[in-house]
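What the coordinates show
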Amino acid sequence: MKISFLGAAGTVTGSKYLLEINDKKVLIDCGLFQGPREWRERNWEKLSIDPSKIDAVILTHAHLDHTGYLPVLVKNGFKGPIYSTPGTKELCAILLPDSGHIQEEDAFYANKHHFSRHTPALPLYTKEEAERIMGQFSTIPFDKSFKLDQDCSFVFSRAGHILGAACIRLTHGTKTIVFTGDMGRTHDPIMRDPDPIEETDYLVMESTYGDRLHSTENPEDQLETFINETAARGGTVLIPAFAVGRAQSVLYYISQLKEKKKIPDLPIFLDSPMAENVTDIYVRHIEEHHLRPEHCAKLNAVATYINSVDESKKIMNSKFPCVIIAASGMATGGRVLHHLKTLGPDQRNTILFTGYQAEGTLGRLIVDGEKIVKIHGQMTSIKAKVLIMSNLSAHADYAEMLKWLSHFKKAPKKVFITHGESDSAESMKAKVEAKFHWKCVIPTYLQSEELV
């Protein structure tokens, strides 16, 4: 067995791990690169392996940094099955076409206003291409072993994080390797805790928050303060987030605040071209989270879903206080860019980040305090108040990761620390080595290693 790190090495995006098992080639995750231009350009480069030679893809969860390259893989020749949990497939059916539509909208706008370096600007893939790949999905329930062939099988265990998120434990003969994907939080108000794993020969683990702890402040109290302060200034709260996942956590707390009458009865908008009622998805996967069906209904009813560009423009130019949740979560594209151009220069408004902002993204620049940023080729001033809520993160922090690792009954032969920026990965490596005395390595991009 051999592993090659085709993504999430030195960065938190582009997750792709190629496993070569005898003559079989299996890709674990198939994500988009986001962040600096040199990373984004990898999405357009030829993959280091011919996609037609890959036998199967196994997904940990639906987020685009783990699935967003799938339409490109299929377009370039991959014809095999895509294995996922049922929840991941349902979310991919929303998020991947959403991604394609956003790319089409961005390319159209770039061509219309002539700010792209490319003529014409093209989407990496279209909504239609993303929809077409869904026929290749094959779903496997949690905790059920599935045979890839006579000697190789895998099983999904719950990772928390978002609906459908899984750790993958793959077995070949007597050898095992576990991929954490993105590990969820403990005591999350919506998602259930990650399932423990007790043994593996090799472990590939994320390190997004390997160098920090999440705030222990109550997210509901923070949102109450931020929304009330912004509304009192006559401003709007803009929350960059994808339409499924983090948005539901935000909507959960807002629904609680409205029910308790702790915030004004101001409009809440979820602005995404594929925004739709996700209540049924949560109800169908009730065993994965703490919400009851009536909670799901409240969560959905608190927001107005914005689908069309015209509707999006109307809320963008509204003169009354409101809350707008818009894709993308790291402000790398999509309608949030238009809202940032409109709302960013006004000091009455608030830009509230609730998730990790990868190095080189527009979200990271704003969080780091940049007052002038380039959006759609134009310089935009950021006078709005910029706030960060790390306690709404869907990623485990280092203490939560160490607690999950403590369930192992014996040391893995090797731990590969991925999906983290260099400081975060190095910090996670030092903490694991100090606490457990396990052998840890931080792989580099395109590094390969035999798993003996």
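Residues numbered from 1 in each chain as written. Predicted model: local features only at pLDDT ≥ 70, side-chain atom pairs only at ≥ 80, totals over all residues. Heavy atoms only, no water.

**Points about the nonpolar core**
The tendency in soluble globular proteins is for nonpolar side chains to be buried side by side. For clarity, the cut-off: Put simply, buried Ala, Val, Leu, Ile, Met, Phe, Trp, Tyr and Cys residues joined by side-chain atoms within 4.5 Å make one nonpolar core. When a residue's accessible area, from a 1.4 Å probe over protein chains only, is under 20% of the maximum for its type it is buried; when over 50% it is exposed; and in between it is partly exposed. Helix and strand definitions follow DSSP, with helices as H or I runs of at least four residues and strands as E runs of at least two, each counted in order from the N terminus.
Val57, Leu70, Leu73, Val323, Ile325 and Leu405 are the most contacted members of the largest nonpolar core, which has 90 residues in total. Looking at which element gives the most residues to this core, the answer is helix H7 (residues 246-259), with seven residues. The next biggest cluster of nonpolar side chains, apart from the first, holds 29 residues, and it includes Ala56, Ile58, Ala166 and Phe179.

**Quick word on the packing of aromatic side chains**
Put simply, the rule reads: Between the rings of Phe, Tyr and Trp (Trp by its six-membered ring), a pair exists once the centres lie within 6.5 Å; its type follows the angle of the planes, with under 30 degrees stacked, over 60 edge-to-face, and the other angles tilted.
In this structure the tally under the stated criterion is 14 aromatic pairs. Ring geometry for Phe154 against Phe156: centres 5.2 Å apart, planes inclined by 70°, an arrangement best described as edge-to-face. You can call Phe154 buried: its relative accessible area is 1%. With 4.6 Å between their ring centres and 25° between their planes, Phe436 and Trp438 make a pair best called stacked.

**Examining the sheet that holds strand S14 (residues 304-306)**
Rules: For two strands to count as paired, DSSP must find a minimum of two bridges between them. The axes used here are C-alpha line fits, helices contributing only the stretch in contact, and every angle between their N-to-C directions lies in the interval 0 to 180 degrees. The contact definition used throughout considers only heavy atoms, calling two residues in contact when any of these lie within 4.5 Å.
The strand order across the open sheet built from six strands is S14-S13-S15-S12-S16-S19, with neighbouring strands paired in parallel fashion. Of all strands in the sheet, those bounded by a partner on one side alone are S14 and strand S19 (385-388). Averaged over all neighbouring strand pairs, the angle between strand axes comes to 20°, with direction disregarded. As paired elements, strand S16 (residues 350-353) and S19 share four bridges and run parallel to each other. Looking at S19, one finds that Thr350 is bridged to Lys385. Contacts from helix H11 (residues 336-343) reach strand S12 (237-240), strand S13 (268-271), strand S15 (323-326) and S16 within the one sheet, and its direction differs from that of S12 by about 150°.

**Observations regarding the sheet that holds strand S8 (residues 152-158)**
The strand order across the open sheet formed by seven strands is S7-S8-S9-S10-S11-S20-S21, and the pairing between neighbours is mixed. Unpaired on one side and paired on the other, strand S7 (146-149) and strand S21 (440-441) mark the two borders of the sheet. Across the face of the sheet, helix H13 (residues 398-405) comes into contact with strand S9 (166-172) and strand S11 (202-206) while running at roughly 160° to S11.

**Remarks on the environment of Ser15**
With respect to the element layout, Ser15 can be found in the loop between strand S1 (2-5) and strand S2 (17-21). Residues Ser15 and Gly181 lie 166 residues apart in sequence; the distance between their C-alpha atoms is 8.7 Å. Sequence-distant contacts of Ser15, that is, excluding residues within four places in its chain, are made with Gly7, Ala8, Ile28, Asp29, Cys30, Gly31, Asp65, His66 and His419.

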